[in-house]
Amino acid sequence: MTRTVAVFSLGGAPGVTSVGMALAAVWPGDAPGVLVEADPSGGAVAVWRRIPTEPGLTSLAAAMRRGGGADPDAHTQDLPGGLRVSAAPVTGDPAEGAVRLLGQHPLPLSSMAAPVAVLDLGRLTPSSPARALVARADHAVLVVSERLTELRRAREHLLSPSFPARDLRVVVCGGKGGVGEITGALGSAVWGRVPEDRRSAEFLRGERDIARPQRRPLFKAAHRLARSLSAAATEHMVYAPLPPGVNA
Ligand SMILES: Nc1ncnc2c1ncn2[C@@H]1O[C@H](COP(=O)(O)OP(=O)(O)OP(=O)(O)O)[C@@H](O)[C@H]1O
Ligand SMILES: [Mg+2]
(Lines give C-alpha, C1' and ligand atoms only; values in the text may rest on other atoms or scores of the structure.)
(Ligands and ions follow the chains in the order given, each with its own letter.)
Protein backbone atom coordinates (compact mmCIF):
# COMPACT_ATOMS: atom_id res chain seq x y z
CA MET A 1 0.00 0.00 0.00
CA THR A 2 1.38 3.42 -0.94
CA ARG A 3 1.74 5.85 1.97
CA THR A 4 0.53 9.37 1.32
CA VAL A 5 2.29 12.32 2.93
CA ALA A 6 0.98 15.89 2.58
CA VAL A 7 3.75 18.50 2.82
CA PHE A 8 2.84 22.19 3.09
CA SER A 9 3.70 25.56 4.59
CA LEU A 10 1.68 28.39 6.06
CA GLY A 11 3.57 31.18 4.32
CA GLY A 12 6.87 32.30 2.88
CA ALA A 13 8.79 29.76 0.84
CA PRO A 14 10.42 27.75 3.59
CA GLY A 15 11.36 24.73 1.43
CA VAL A 16 8.20 22.66 0.92
CA THR A 17 9.12 21.46 -2.57
CA SER A 18 12.70 20.69 -1.56
CA VAL A 19 11.67 18.74 1.56
CA GLY A 20 8.95 16.95 -0.41
CA MET A 21 11.33 15.92 -3.20
CA ALA A 22 13.99 14.74 -0.77
CA LEU A 23 11.43 12.80 1.27
CA ALA A 24 10.10 10.97 -1.79
CA ALA A 25 13.66 10.32 -3.00
CA VAL A 26 14.87 8.67 0.21
CA TRP A 27 11.69 6.84 1.28
CA PRO A 28 12.53 3.24 2.17
CA GLY A 29 11.39 0.64 -0.35
CA ASP A 30 12.33 -1.16 -3.53
CA ALA A 31 10.60 1.22 -5.95
CA PRO A 32 11.10 4.99 -6.34
CA GLY A 33 8.82 7.36 -4.46
CA VAL A 34 6.56 9.82 -6.25
CA LEU A 35 6.23 13.56 -5.73
CA VAL A 36 2.77 14.85 -6.65
CA GLU A 37 3.23 18.56 -7.05
CA ALA A 38 -0.28 19.68 -6.12
CA ASP A 39 0.61 23.30 -5.36
CA PRO A 40 -2.28 25.62 -6.35
CA SER A 41 0.20 28.52 -6.81
CA GLY A 42 2.01 26.62 -9.55
CA GLY A 43 4.91 24.22 -9.57
CA ALA A 44 8.68 24.55 -9.51
CA VAL A 45 9.85 21.09 -10.55
CA ALA A 46 9.18 21.41 -14.31
CA VAL A 47 11.30 24.59 -14.42
CA TRP A 48 14.00 23.29 -12.07
CA ARG A 49 14.40 19.99 -13.90
CA ARG A 50 13.51 21.19 -17.41
CA ILE A 51 10.77 18.66 -18.00
CA PRO A 52 7.40 19.15 -19.69
CA THR A 53 4.39 19.49 -17.39
CA GLU A 54 2.59 16.62 -19.13
CA PRO A 55 2.12 13.88 -18.22
CA GLY A 56 1.59 15.44 -14.82
CA LEU A 57 -0.94 17.02 -12.53
CA THR A 58 -3.07 18.48 -15.33
CA SER A 59 -3.39 15.22 -17.24
CA LEU A 60 -4.19 13.41 -13.95
CA ALA A 61 -6.93 15.95 -13.14
CA ALA A 62 -8.33 15.68 -16.68
CA ALA A 63 -8.46 11.88 -16.37
CA MET A 64 -10.28 12.19 -13.02
CA ARG A 65 -12.77 14.65 -14.55
CA ARG A 66 -13.57 12.23 -17.36
CA GLY A 67 -14.73 9.80 -14.67
CA GLY A 68 -14.15 6.09 -14.35
CA GLY A 69 -11.09 6.64 -12.16
CA ALA A 70 -7.53 7.34 -13.24
CA ASP A 71 -4.20 5.63 -12.91
CA PRO A 72 -1.93 8.17 -11.16
CA ASP A 73 1.15 6.15 -12.19
CA ALA A 74 0.41 7.06 -15.81
CA HIS A 75 0.74 10.76 -15.00
CA THR A 76 4.29 10.80 -13.67
CA GLN A 77 7.71 11.26 -15.21
CA ASP A 78 11.01 9.75 -14.10
CA LEU A 79 13.71 12.13 -12.99
CA PRO A 80 17.35 11.07 -13.21
CA GLY A 81 18.27 9.42 -9.90
CA GLY A 82 15.03 7.50 -9.51
CA LEU A 83 12.47 9.98 -8.20
CA ARG A 84 9.16 10.10 -10.09
CA VAL A 85 7.16 13.30 -10.31
CA SER A 86 3.72 14.42 -11.31
CA ALA A 87 4.62 18.03 -12.05
CA ALA A 88 2.19 20.94 -11.66
CA PRO A 89 1.66 23.60 -14.31
CA VAL A 90 4.08 26.45 -13.68
CA THR A 91 1.47 29.18 -13.33
CA GLY A 92 -1.17 29.54 -10.66
CA ASP A 93 -4.47 29.50 -12.54
CA PRO A 94 -4.17 26.12 -14.27
CA ALA A 95 -2.46 24.63 -11.23
CA GLU A 96 -5.26 25.79 -8.93
CA GLY A 97 -7.86 24.36 -11.31
CA ALA A 98 -6.11 20.97 -11.37
CA VAL A 99 -5.73 20.85 -7.56
CA ARG A 100 -9.40 21.79 -7.12
CA LEU A 101 -10.43 18.94 -9.40
CA LEU A 102 -8.22 16.47 -7.55
CA GLY A 103 -9.71 17.59 -4.25
CA GLN A 104 -13.20 16.84 -5.55
CA HIS A 105 -12.42 13.22 -6.44
CA PRO A 106 -11.03 10.46 -4.28
CA LEU A 107 -7.56 10.01 -5.74
CA PRO A 108 -6.42 6.38 -5.88
CA LEU A 109 -2.90 7.23 -4.65
CA SER A 110 -2.74 4.40 -2.13
CA SER A 111 -2.57 1.79 -4.90
CA MET A 112 0.28 3.39 -6.85
CA ALA A 113 3.34 1.38 -7.85
CA ALA A 114 5.42 3.36 -5.35
CA PRO A 115 6.10 3.08 -1.62
CA VAL A 116 5.13 6.72 -1.08
CA ALA A 117 3.24 9.53 -2.76
CA VAL A 118 4.41 12.85 -1.31
CA LEU A 119 1.95 15.64 -2.03
CA ASP A 120 3.58 19.08 -2.30
CA LEU A 121 0.61 21.30 -1.43
CA GLY A 122 2.50 24.60 -1.28
CA ARG A 123 1.10 27.24 1.05
CA LEU A 124 -2.02 26.00 2.80
CA THR A 125 -4.19 29.12 2.97
CA PRO A 126 -7.65 28.80 4.55
CA SER A 127 -9.24 28.80 1.09
CA SER A 128 -6.68 26.53 -0.59
CA PRO A 129 -8.28 23.74 -2.62
CA ALA A 130 -5.38 21.58 -1.38
CA ARG A 131 -6.98 21.37 2.09
CA ALA A 132 -9.15 18.53 0.82
CA LEU A 133 -5.99 16.58 -0.03
CA VAL A 134 -4.42 17.06 3.43
CA ALA A 135 -7.50 15.60 5.03
CA ARG A 136 -7.05 12.37 3.08
CA ALA A 137 -3.30 11.90 3.48
CA ASP A 138 -1.85 9.36 5.93
CA HIS A 139 0.59 11.92 7.36
CA ALA A 140 0.99 15.69 7.33
CA VAL A 141 4.28 17.62 7.38
CA LEU A 142 4.21 21.37 8.03
CA VAL A 143 7.42 23.05 6.86
CA VAL A 144 8.35 26.30 8.61
CA SER A 145 11.37 28.56 8.46
CA GLU A 146 12.87 29.75 11.72
CA ARG A 147 11.89 33.38 11.06
CA LEU A 148 10.12 34.62 14.17
CA THR A 149 7.31 36.42 12.34
CA GLU A 150 6.52 33.28 10.39
CA LEU A 151 6.59 31.16 13.52
CA ARG A 152 4.14 33.50 15.23
CA ARG A 153 1.82 33.28 12.25
CA ALA A 154 2.13 29.51 12.19
CA ARG A 155 1.29 29.44 15.90
CA GLU A 156 -2.05 31.15 15.23
CA HIS A 157 -2.87 28.68 12.44
CA LEU A 158 -2.00 25.70 14.59
CA LEU A 159 -4.36 26.93 17.30
CA SER A 160 -7.28 27.10 14.89
CA PRO A 161 -9.75 24.23 15.36
CA SER A 162 -10.08 23.87 11.57
CA PHE A 163 -6.35 23.20 11.12
CA PRO A 164 -5.91 19.76 9.58
CA ALA A 165 -3.61 18.31 12.21
CA ARG A 166 -3.96 14.53 11.93
CA ASP A 167 -0.54 12.97 12.48
CA LEU A 168 1.17 16.31 11.94
CA ARG A 169 4.92 16.78 12.10
CA VAL A 170 6.42 20.25 12.09
CA VAL A 171 9.76 20.46 10.28
CA VAL A 172 12.06 23.47 10.31
CA CYS A 173 13.80 23.95 6.98
CA GLY A 174 17.08 25.89 6.84
CA GLY A 175 19.40 27.12 9.57
CA LYS A 176 21.20 24.75 11.89
CA GLY A 177 21.28 23.53 15.48
CA GLY A 178 18.61 22.50 17.96
CA VAL A 179 14.95 23.37 17.70
CA GLY A 180 14.17 24.09 21.38
CA GLU A 181 13.65 27.83 20.86
CA ILE A 182 11.53 27.18 17.79
CA THR A 183 9.30 24.85 19.78
CA GLY A 184 8.92 27.66 22.31
CA ALA A 185 8.00 30.27 19.68
CA LEU A 186 5.61 27.91 17.92
CA GLY A 187 4.00 26.61 21.08
CA SER A 188 3.92 23.20 19.50
CA ALA A 189 6.22 20.19 19.25
CA VAL A 190 8.72 20.32 16.40
CA TRP A 191 9.93 17.10 14.77
CA GLY A 192 13.34 18.50 13.91
CA ARG A 193 15.30 20.35 11.27
CA VAL A 194 16.18 19.85 7.64
CA PRO A 195 19.30 22.01 7.81
CA GLU A 196 20.60 24.66 5.46
CA ASP A 197 22.39 22.74 2.70
CA ARG A 198 22.94 24.83 -0.40
CA ARG A 199 24.60 22.08 -2.42
CA SER A 200 21.71 19.67 -1.93
CA ALA A 201 19.21 22.44 -2.71
CA GLU A 202 21.07 23.10 -5.97
CA PHE A 203 21.13 19.38 -6.70
CA LEU A 204 17.35 19.19 -6.24
CA ARG A 205 16.97 22.19 -8.55
CA GLY A 206 19.00 20.32 -11.17
CA GLU A 207 21.82 22.87 -11.03
CA ARG A 208 24.62 20.60 -9.84
CA ASP A 209 25.56 16.97 -9.51
CA ILE A 210 26.47 15.31 -6.22
CA ALA A 211 28.22 11.94 -6.10
CA ARG A 212 26.57 10.68 -2.89
CA PRO A 213 23.58 12.85 -2.06
CA GLN A 214 22.55 10.48 0.75
CA ARG A 215 25.60 11.71 2.71
CA ARG A 216 24.54 15.34 2.58
CA PRO A 217 22.84 16.92 5.63
CA LEU A 218 19.57 17.69 3.80
CA PHE A 219 19.13 14.11 2.61
CA LYS A 220 20.21 12.61 5.94
CA ALA A 221 17.51 14.65 7.69
CA ALA A 222 14.95 13.70 5.02
CA HIS A 223 15.88 10.07 5.56
CA ARG A 224 15.31 10.34 9.32
CA LEU A 225 11.92 11.91 8.64
CA ALA A 226 11.03 9.23 6.07
CA ARG A 227 11.97 6.47 8.52
CA SER A 228 9.93 8.01 11.30
CA LEU A 229 6.88 8.43 9.05
CA SER A 230 7.14 5.01 7.43
CA ALA A 231 7.39 3.39 10.88
CA ALA A 232 4.30 5.20 12.14
CA ALA A 233 0.95 3.48 12.08
CA THR A 234 -1.62 4.75 9.62
CA GLU A 235 -5.31 5.06 10.04
CA HIS A 236 -6.56 4.00 6.63
CA MET A 237 -9.61 5.83 5.51
CA VAL A 238 -12.63 4.63 3.61
CA TYR A 239 -13.58 7.03 0.83
CA ALA A 240 -16.50 5.13 -0.68
CA PRO A 241 -19.97 6.03 0.60
CA LEU A 242 -21.16 3.49 3.17
CA PRO A 243 -24.32 1.50 2.46
CA PRO A 244 -27.54 2.94 3.94
CA GLY A 245 -27.94 2.13 7.62
CA VAL A 246 -24.21 1.53 8.18
CA ASN A 247 -22.46 4.06 10.36
CA ALA A 248 -18.73 4.64 10.26
N1 LIG B 1 17.66 23.16 3.28
C2 LIG B 1 17.89 24.08 2.35
N3 LIG B 1 19.10 24.67 2.28
C4 LIG B 1 19.36 25.62 1.36
N5 LIG B 1 18.47 26.05 0.45
C6 LIG B 1 17.25 25.51 0.47
C7 LIG B 1 16.89 24.49 1.40
N8 LIG B 1 15.61 24.13 1.17
C9 LIG B 1 15.20 24.88 0.13
N10 LIG B 1 16.17 25.70 -0.30
C11 LIG B 1 16.06 26.67 -1.40
O12 LIG B 1 15.15 27.68 -0.98
C13 LIG B 1 14.31 28.09 -2.05
C14 LIG B 1 12.84 27.81 -1.68
O15 LIG B 1 12.70 26.41 -1.53
P16 LIG B 1 11.44 25.64 -2.10
O17 LIG B 1 11.13 26.07 -3.49
O18 LIG B 1 11.65 24.21 -1.82
O19 LIG B 1 10.34 26.23 -1.10
P20 LIG B 1 8.74 26.25 -1.23
O21 LIG B 1 8.26 26.40 0.18
O22 LIG B 1 8.29 25.08 -2.01
O23 LIG B 1 8.51 27.59 -2.06
P24 LIG B 1 7.30 28.04 -3.03
O25 LIG B 1 6.38 28.84 -2.16
O26 LIG B 1 7.98 28.85 -4.08
O27 LIG B 1 6.66 26.78 -3.56
C28 LIG B 1 14.77 27.28 -3.28
O29 LIG B 1 15.67 28.05 -4.01
C30 LIG B 1 15.46 26.07 -2.66
O31 LIG B 1 16.44 25.51 -3.52
MG1 LIG C 1 7.18 24.87 -3.73
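Structural data are supplied above this passage.
Residues numbered from 1 in each chain as written. Chains lettered and ligands numbered in written order. Predicted model: local features only at pLDDT ≥ 70, side-chain atom pairs only at ≥ 80, totals over all residues. Heavy atoms only, no water.

Caption draft 1: Spotlight on the nonpolar core. In terms of nonpolar packing, the biggest core is built from 42 residues, with F8, L57, L102 and L121 touching the most fellow members. With five residues, helix α3 (residues 57–65) is the largest single contributor of residues to this core. Membership of the second largest hydrophobic core comes to 35 residues, among which are V7, V16, L23 and L225. (Core = buried A, V, L, I, M, F, W, Y, C linked by side-chain atoms within 4.5 Å. Buried < 20%, exposed > 50% of the residue type's maximum accessible area, 1.4 Å probe, protein only. Helix = DSSP H or I, 4+ residues; strand = E, 2+ residues; numbered from the N terminus.)

Caption draft 2: Highlighting the site of ligand 1. Taken together, 17 residues lie around ligand 1, and T17, S18, P195, D197 and R205 are the ones closest in. The contact in question runs from an oxygen atom of ligand 1 to an N or O atom on the backbone of V16, over 2.9 Å. A distance of 2.8 Å separates an oxygen atom of ligand 1 from a polar side-chain atom of T17. When ligand 1 sits alone it has 630 Å² of accessible area, and the protein chains cover 74% of it. (Near = heavy atom within 4 Å. Polar contact = N/O pair within 3.5 Å; in protein donor to acceptor, adjacent residues only side chain to side chain. Areas by Shrake-Rupley, 256 points an atom, 1.4 Å probe, with all protein chains shown as cover.)

Caption draft 3: How the structure looks around the packing of aromatic side chains. Tallied over the entire structure, the rule returns two aromatic pairs. With a centroid separation of 5.9 Å and 75° between ring planes, the pair formed by F203 and F219 is classed as edge-to-face. Of this pair, F203 sits in helix α8 (residues 198–204) while F219 sits in helix α9 (residues 217–231); the two residues are 16 residues apart in sequence, bridging distant segments of the chain. (Phe/Tyr/Trp six-rings, centres within 6.5 Å; stacked < 30°, edge-to-face > 60°.)

Caption draft 4: Structural context of the environment of S9. Structurally, the position occupied by S9 is in strand β1 (residues 3–9). Using a relative accessible area of 2% as the deciding quantity, one classes S9 as buried. Along the sequence, S9 and A46 sit 37 residues apart, while their C-alpha atoms lie 20 Å from each other. The residues contacting S9, other than those within four sequence positions of it, are P14, V16, G122, R123, L124, L142 and V143. Only 3.5 Å separates the side chain of S9 from the backbone nitrogen of G11, close enough to count as a polar contact. (Contact = heavy atoms within 4.5 Å.)

Caption draft 5: Focus on the sheet that holds strand β3 (residues 77–78). With mixed pairing, eight strands are arranged side by side in an open sheet as β3-β4-β2-β5-β1-β6-β7-β8. Two strands in the sheet have a free side with no partner beyond their single neighbour: β3 and β8 (192–194). Sheet topology note: the β3/strand β4 (residues 84–86) ladder contains two bridges and is antiparallel. For Q77, the partnering residue across the bridge sits in β4 and is V85. Packing of helix α1 (residues 16–26) onto the sheet brings it into contact with β1, β2 (34–37), β5 (116–123), β6 (139–144), β7 (168–173) and β8, and relative to β5 it is tilted by some 180°. (Pairing = 2+ DSSP bridges. Axes fitted to C-alpha atoms, helices over the stretch in contact; angles between N-to-C directions.)

Caption draft 6: The arrangement of the pairing of β2 in detail. Side chains V34 and V36 of β2 all project onto a buried face; the interleaved residues L35 and E37 project onto the opposite face, where all are buried too. Relative to β4, β2 runs parallel, the two being bridged by three bridges. Paired with L35 across the strands is V85, a residue of β4. Bridge analysis of β2 against β5 gives four bridges, and the strand direction is parallel. The residue bridging E37 from the neighbouring strand is D120, located in β5.

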